[in-house]
Each structure stands twice: as C-alpha cells, then as structure tokens.
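Per-entry structural report
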Amino acid sequence: MRQKRVEGMNFRLLHREVLAQDANRLKLIEAAMICLTPLTLYLLLTSTWRTVLLPMLVPGSAAYAACAIGFWSLLLLLTQFFTFPLLCGLLGMSAAMEAGEQTDLTELFAPFRSGGSYRRALRISFCVLWRLCVLLLAECAVLLVLRQLENRLLIWLLGIPVMLAVAVLLFWWFCGGFLHAYLVLCRPAAAERMRPYARSVGLRYWVGYLSWLALSLLTFCILLLADVLPRMLISYFRLCRKLNEMTTNPEDKNHE
C-alpha cells in the first residue's frame with residue numbers, strides 16, 4: 001500500500017492542553033505504575049526457570065526443549081491475554097482524556113469488563129505481539145549467523161552495521177501498524193482512509209520522541225514515567241484524531 005505524508009502538524013504542542021487539566025498527568029503516571037506490576041510475575045517465572053528447572057535439565061535433550069517451549073509459551077500467553085490488554089486500558093484512558101472526558105483509574109481495567117472490550121484489546125495485543133516476535137526472531141537469527149564467524153574483529157565490523165540495518169528495516173515495517181490501536185479503539189470505520197498514512201506518521205512520531213526516550217534511560221526511566229510517557233500517550237491520540245480530521249472529505253463530514 002502506498003504510504004502518504006501529512007504536513008503541518010506540530011508534534012510538540014499536541015499534548016499540552018490535556019495534561020494540564022483534571023490531574024490527567026498524575027492519573028496517567030499512576031496507571032502506568034499499575035501496568036508495571038506484571039513485571040513481578042515475569043521476574044518470578046524467569047527466576048524459577050533459571051534456578052529451579054534449568055539445573056535439572058540436560059541441554060539438547062527432549063525434556064529441555066519441551067520445558068523451554070512451555071516456558072516461552074507461558075510468557076507469550078501471559079503477555080497476550082493479560083499484560084497487553086492491561087496496557088490497552090492505559091490507551092483507553094489516554095483516548096478518553098484526549099477527547100476531553102473525565103476519567104479515573106478504574107478505566108484502566110475497562111478491557112476486562114465485557115467480551116467486546118476484551119476482544120478489542122486482544123486485537124491490539126496480537127497486532128503488537130506478533131510484530132515484536134518477528135523483530136526478536138530476526139535479531140536472534142542475525143546473531144546466530146554472526147556467531148558462526150571465527151574472527152572476533154570481523155564479527156564486530158559486520159555485526160554492528162548488520163544489526164543496525166535489520167533494526168531500521170524492522171522499525172520501518174513496525175510503523176505500518178502505528179494507527180492500529182486508534183482505529184480499533186476509536187475509529188474502526190476510518191481504517192481504509194487512514195492506513196496509507198500510518199508509516200510516515202509513525203516514523204515522525206517515534207523520531208520526534210527518540211531524544212526524550214534516550215534521555216529517559218539516563219534517568220533510569222524516571223523521566224519516562226513522570227513526563228515522557230504521558231506526553232507520548234496523549235500526543236498519539238491527538239495526532240490520530242487530527243489525522244482523521246485532515247483526511248475526512250467534506251462530504252463525509254456532512255454525512256456524519
């Protein structure tokens with residue numbers, strides 16, 4: 001599908017009005033902290049795998065392969081059916097805030113309240129999860145190929161550019177689903193009209209926040225939680241709404 005560009009959007013000003021009202025910034029920070037709680041379960045499962053199961057298994061055996069498949073399958077199922085749907089609740093809160101609605105922390109669990117809401121959350125989860133799996137598998141495949149080389153200097157000289165090139169290509173492909181969450185949560189009928197702009201808008205969005213994300217790493221992600229993430233969430237839905245308005249024909253608006 002041919003990708004189109006959108007001009008005239010000021011990404012830096014998309015979030016300011018919303019976060020300054022009704023303690024929205026604080027609500028998003030609290031909701032994000034709740035979304036981090038599944039990390040404890042991931043750490044517990046990983047610790048159990050490494051300290052309890054691995055010492056009992058022989059590498060390369062059928063039992064080792066079966067346990068490894070079971071472990072990774074459990075992590076994928078937990079991510080698909082709980083962690084990502086919980087994050088979809090955070091997206092739903094952000095969408096409501098951007099639309100000027102009053103929200104509270106209970107909205108974080110909205111995806112689990114009804115079958116329809118949960119199915120929408122699963123659609124978004126699956127769209128993100130399978131792309132992340134492809135990205136991870138591609139990077140692992142490159143690493144396995146590079147490890148076959150015996151010259152360490154050659155590994156570094158070839159590995160870094162190849163890994164960066166693969167990462168850039170996968171990031172470009174990943175941005176093709178940039179609008180998926182907005183379309184599923186807010187405007188399913190606008191999918192055909194807006195999707196041609198997904199990759200160009202997604203690239204501008206992530207590049208615009210790249211420096212802030214890098215700075216957040218230097219603060220041990222404190223800046224990310226306290227400031228960058230709330231701005232990114234509101235900016236995403238404001239950007240998508242602006243894109244929807246800009247790509248809607250006057251005839252369609254009159255029809256609506």
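Data block above holds the structure.
Note that this is a predicted model, so its numbers are computed, not measured.

For the rest of this paragraph, the subject is the overall build of the chain. Regarding its fold elements, the chain presents 11 helices and zero strands. In the chain, the order of α-helices and β-strands from amino to carboxyl end is α-α-α-α-α-α-α-α-α-α-α. Here the chain, with 256 residues, has 37% of them falling under the buried criterion. Expressed as a percentage of contacts within the chain between residues at least 6 apart in sequence, the contacts between residues at least 24 apart total 74%. Separation between the mean location of the 25 positive side-chain charges and that of the 16 negative ones in the chain comes to 5 Å.

Taken as a whole, the largest pocket spans an internal volume of roughly 1600 Å³. Around the largest pocket, the lining is made up of 42 residues, and of these Phe84, Leu87, Val128, Trp206 and Leu229 lie nearest the centre. Breaking the lining of the largest pocket down by element, the ones donating at least two residues are helix H2 (24–35), helix H3 (38–53), helix H4 (62–98), helix H5 (115–147), helix H6 (152–174), helix H7 (180–185), helix H9 (198–218) and helix H10 (222–246).

The next subject is the packing of H4 against H5. Across the interface, H4 lies against H5 with an axial gap of 8 Å and an inter-helix angle of 120°. With respect to H5, the element H4 is oriented oblique. Regarding H4 and H5, the two cross each other, and that crossing is right-handed. For the pair H4 and H5, contact is made by Leu76, Thr79, Gln80, Phe81, Phe84, Pro85 and Cys88 and by Tyr118, Ala121, Leu122, Ile124, Ser125, Phe126, Val128, Leu129, Leu132 and Cys133, respectively. Looking at side-chain class alone, the contact of H4 with H5 contains 14 nonpolar, three polar and no charged residues.

Our focus in this paragraph is the packing of H2 against H10. At a minimum axis separation of 9 Å, H2 and H10 run at an interaxial angle of 100°. One way to sum up the angle between H2 and H10 is to call them roughly perpendicular. Contacts between H2 and H10 involve Arg25, Leu28, Ile29, Ala32 and Met33 from the former and Leu225, Ala226, Asp227, Leu229, Pro230, Leu233 and Ile234 from the latter. Among the residues making up the contact of H2 with H10, the classes are represented as 10 nonpolar, no polar and two charged.

Going through the model one piece at a time under the given rule, you end up with six salt bridges. Here arginine 238 ties to glutamate 98 by a salt bridge, and the two come within 2.4 Å at their closest N and O atoms. Residue arginine 238 is found in helix H10, and its partner glutamate 98 is found in helix H4; the two are separated by 140 residues along the sequence. Of the two residues examined, arginine 238 and glutamate 98, each falls in the buried class.

What follows deals with unusual backbone geometry. Note: most peptide bonds trans; most residues except glycine with negative phi. In this structure, alanine 23 takes a positive phi of about 55° despite not being glycine. Mapped onto the secondary structure, alanine 23 falls in the loop between helix H1 (16–19) and H2. One non-glycine residue with positive phi stands out, namely cysteine 221, at about 70°. Turning to its location among the elements, cysteine 221 is positioned in the loop between H9 and H10. With a relative accessible area of 35%, cysteine 221 lands in the partly exposed category.

Within the largest apolar cluster, 38 residues are counted, with the highest numbers of intra-cluster contacts made by Leu179 and Tyr236. Elements supplying a minimum of two residues to this core: H1, H2, H4, H5, H7, helix H8 (191–194), H9 and H10. Of the residues forming this core, the biggest block, nine residues, is contributed by H10. Setting aside residues up to four positions removed in sequence, leucine 179 forms contacts with Met194, Arg195, Ala198, Tyr236, Cys240 and Leu243. If you look at the next biggest cluster of nonpolar residues, it comprises seven residues, including Tyr42, Leu57, Phe71 and Leu78.

Moving on: H3. With 16 residues, H3 should cover 22 Å at 1.5 Å per step; its first-to-last C-alpha distance of 21 Å lies within 8% of that length. Listing the buried residues of H3 in full gives Pro38, Tyr42 and Trp49. Down the axis of H3, the buried side of the element spans an arc of 50°, and every buried residue falls inside it. Pointing more than 90 degrees away from the buried face of H3 are the exposed residues Thr40, Leu43, Leu44 and Thr51. Those residues of H3 that are buried lie in contact with H2 and H4.

Rules and cut-offs
- Residues numbered from 1 in each chain as written.
- Predicted model: local features only at pLDDT ≥ 70, side-chain atom pairs only at ≥ 80, totals over all residues.
- Heavy atoms only, no water.
- Helix = DSSP H or I, 4+ residues; strand = E, 2+ residues; numbered from the N terminus.
- Buried < 20%, exposed > 50% of the residue type's maximum accessible area, 1.4 Å probe, protein only.
- Contact = heavy atoms within 4.5 Å.
- Lys, Arg positive; Asp, Glu negative; His and termini not counted.
- Charge placed at Lys NZ, Arg CZ, Asp CG, Glu CD.
- 1 Å grid on protein atoms, 1.4 Å probe; cavity = no way out; pocket = protein on both sides within 12 Å on 5 of 7 lines; lining within 4 Å.
- Points joined across faces, edges and corners; volume = space filled by probe spheres on them.
- Axes fitted to C-alpha atoms, helices over the stretch in contact; angles between N-to-C directions.
- Parallel < 35°, antiparallel > 145°, perpendicular 65-115°, else oblique.
- Left-handed = near helix turned anticlockwise from the far one by under 90°.
- Nonpolar A, V, L, I, M, F, W, Y, C, P; charged D, E, K, R; others polar.
- Salt bridge = Lys/Arg side-chain N within 4 Å of Asp/Glu carboxyl O.
- Core = buried A, V, L, I, M, F, W, Y, C linked by side-chain atoms within 4.5 Å.
- Expected span 1.5 Å × (residues − 1).
- Arc of directions from axis to C-beta.

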